Amino acid sequence: MHYQQSESWATYMPTATSCQLLERIERLASENAVVIFSVSSCCMCHAIKRLFCGMGVNPTVYELDQEPFGKDMEKALMRLLGTSSPVPVVFVGGKLVGAMDRVMASHINGSLVPLLKEAGALWL
């Protein structure tokens, strides 16, 4: 697992608008094959990270509780998903897969592995 901390916004952006946050999420999600937005104390986030590691995938993880605008990013993710629980949120190949329920459903129905292969996150 690759834990990533994004560069600090504090030096050049005093406040982040909703649009800027969504653009930032989109940019971060597209920089790596598998990106997980997580909170370090979340048990469901831990389970999703273990799932990907167990499959041989090395996801990039952004721990929102350690990000400068993490709380605001959580709110933006909630709006994006239309849910009350912001994390975990998984992107594969820059495309939103979804939260825990969608990822597990994709894993169970067999559609997750082809997505991972297409994104270059899984070779076998």
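It should be noted that the structure appears before, not after, this text.
The following paragraphs examine the structure supplied in this document. All values reported here derive from a predicted model rather than from experimental measurement.

**A few points about the overall build of the chain**
(1) Moving on: The helix and strand tally for the chain stands at five helices and five strands.
(2) Moving on: When the helices and strands of the chain are placed in sequence order, the string is β-α-β-α-β-α-β-β-α-α.
(3) Moving on: The buried share of the chain, reckoned over its 124 residues, is 43%.
(4) Moving on: Summing over all exposed atoms, the chain offers an accessible surface of approximately 6600 Å²; the carbon and sulfur share of this is 56%.

**A few points about a nonpolar patch on the surface**
(1) Moving on: Judged by side-chain polarity, L22, L80 and L96 come together as a nonpolar surface patch covering roughly 220 Å² of accessible area.
(2) Moving on: When you line up the elements, L22 lands in helix α1 (residues 18-30).

**Digging into helix α4 (residues 100-109)**
Because the α-helix completes a turn every 3.6 residues, residues three or four places apart line up on one side.
(1) Moving on: Within α4, the full set of buried residues consists of M100, V103 and S106. Buried residues in α4, looked at end-on, bunch into an arc of 135°, giving them a common side. α4 presents D101, R102, I108 and N109 as exposed residues on the side facing more than 90 degrees away from its buried surface.
(2) Moving on: Buried residues in α4 make contact with α2 (43-54), β4 (89-92), β5 (95-98) and α5 (112-119).
(3) Moving on: Phi turns positive one or two residues past the end of α4, at G110, with a value near 85°.

**So, the nonpolar core**
(1) Moving on: I25, F37, L64, M73, L77, V87 and F91 are the most contacted members of the largest nonpolar core, which totals 18 residues.
(2) Moving on: Not counting the four nearest positions on each side in its chain, F37 is found in contact with I25, L28, A29, Y62, L64, M73, L77, V87, P88, V89 and F91.
(3) Moving on: Formed by 17 residues, the second largest nonpolar core is a distinct cluster that contains F52, V57, L116 and A121.

**What about the pattern of salt bridges?**
Note that side chains of opposite charge can pair when their charged atoms are close.
(1) Moving on: Taken as a whole and judged by the stated rule, the model has four salt bridges.
(2) Moving on: Note that R27 is salt-bridged to E31, the shortest N-O span being 2.6 Å.
(3) Moving on: When the shortest N-O distance is used, the salt bridge between E74 and K71 registers 4.0 Å. Of this pair, E74 and K71 both sit in helix α3 (residues 70-81), three residues apart, roughly one helical turn.

**Structural notes on the pairing of strand β3 (residues 60-63)**
(1) Moving on: The two faces of β3 match: T60 and Y62 on one face and V61 and E63 on the other face are all buried.
(2) Moving on: As paired elements, strand β2 (residues 34-38) and β3 share four bridges and run parallel to each other. Following the sheet pairing, F37 is matched in β3 by Y62.

What counts, and where the lines are drawn
Residues numbered from 1 in each chain as written. Predicted model: local features only at pLDDT ≥ 70, side-chain atom pairs only at ≥ 80, totals over all residues. Heavy atoms only, no water. Helix = DSSP H or I, 4+ residues; strand = E, 2+ residues; numbered from the N terminus. Buried < 20%, exposed > 50% of the residue type's maximum accessible area, 1.4 Å probe, protein only. Areas by Shrake-Rupley, 256 points an atom, 1.4 Å probe, with all protein chains shown as cover. Patch = residues over 30% accessible without salt bridge, like charges linked within 9 Å, V, L, I, M, F, W, Y side chains within 5 Å. Salt bridge = Lys/Arg side-chain N within 4 Å of Asp/Glu carboxyl O. Arc of directions from axis to C-beta. Contact = heavy atoms within 4.5 Å. Core = buried A, V, L, I, M, F, W, Y, C linked by side-chain atoms within 4.5 Å. Pairing = 2+ DSSP bridges.

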